[in-house]
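A structural walkthrough
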Amino acid sequence: MPTALARLIEQVLAKQDLSRTELAQALQITPVSVSRWLRESGDCPVPWRHYPELAQVLGVPLKRILHAAEQDHPDHVRLFHRFVFLVRTQLTSQSRRTG
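Here is a short report on the structure shown in this document. All figures in this text were calculated on a predicted structure; none of them were measured in a lab.

Once that is clear, we can look at helix α2 (residues 20-27). For α2, the full list of buried residues reads L23, A24 and L27. The buried side chains of α2 occupy one side of the element, clustering within an arc of 100 degrees when seen end-on. Along its buried surface, α2 packs onto α1 (4-16), α3 (31-37) and α4 (51-58). Immediately downstream of α2, the backbone of Q28 shows phi near 60 degrees, a positive value.

In a structure, side chains of opposite charge can pair up when their charged atoms sit close to one another. Going through the model one piece at a time under the given rule, you end up with 2 salt bridges. Note that E10 is salt-bridged to R20, the shortest N-O span being 2.5 Å. Placement of the pair is E10 in helix α1 and R20 in helix α2, with a sequence separation of 10 residues. Notably, a salt bridge pairs R39 with D43, separated by 2.9 Å at the nearest N-O pair. The exposure class of R39 is partly exposed, given its relative accessible area of 35%.

About the criteria used
Residues numbered from 1 in each chain as written. Predicted model: local features only at pLDDT ≥ 70, side-chain atom pairs only at ≥ 80, totals over all residues. Heavy atoms only, no water. Buried < 20%, exposed > 50% of the residue type's maximum accessible area, 1.4 Å probe, protein only. Helix = DSSP H or I, 4+ residues; strand = E, 2+ residues; numbered from the N terminus. Arc of directions from axis to C-beta. Contact = heavy atoms within 4.5 Å. Salt bridge = Lys/Arg side-chain N within 4 Å of Asp/Glu carboxyl O.

Right, dumping it as structure tokens:
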């Protein structure tokens, strides 16, 4: 069974009449990568680093991408949130040094 995020991607692609190849081009990745994400087995989930771009390309809120991803791969969503926290912390620290 495909992951919740794979189902969401497929729904949005169909609604917007976009192909997997067009999605791959917009994300600057290979069509094979997109096909792996959307496989029935769900064994190759979307890497968390693609969540923001995926939301932007599909025209859906990032929150919706995260919610779908969390259903099958909560560890990926935790990594994404951790990364965002670390980046914000670093930017805040740099801002204080230069400000």
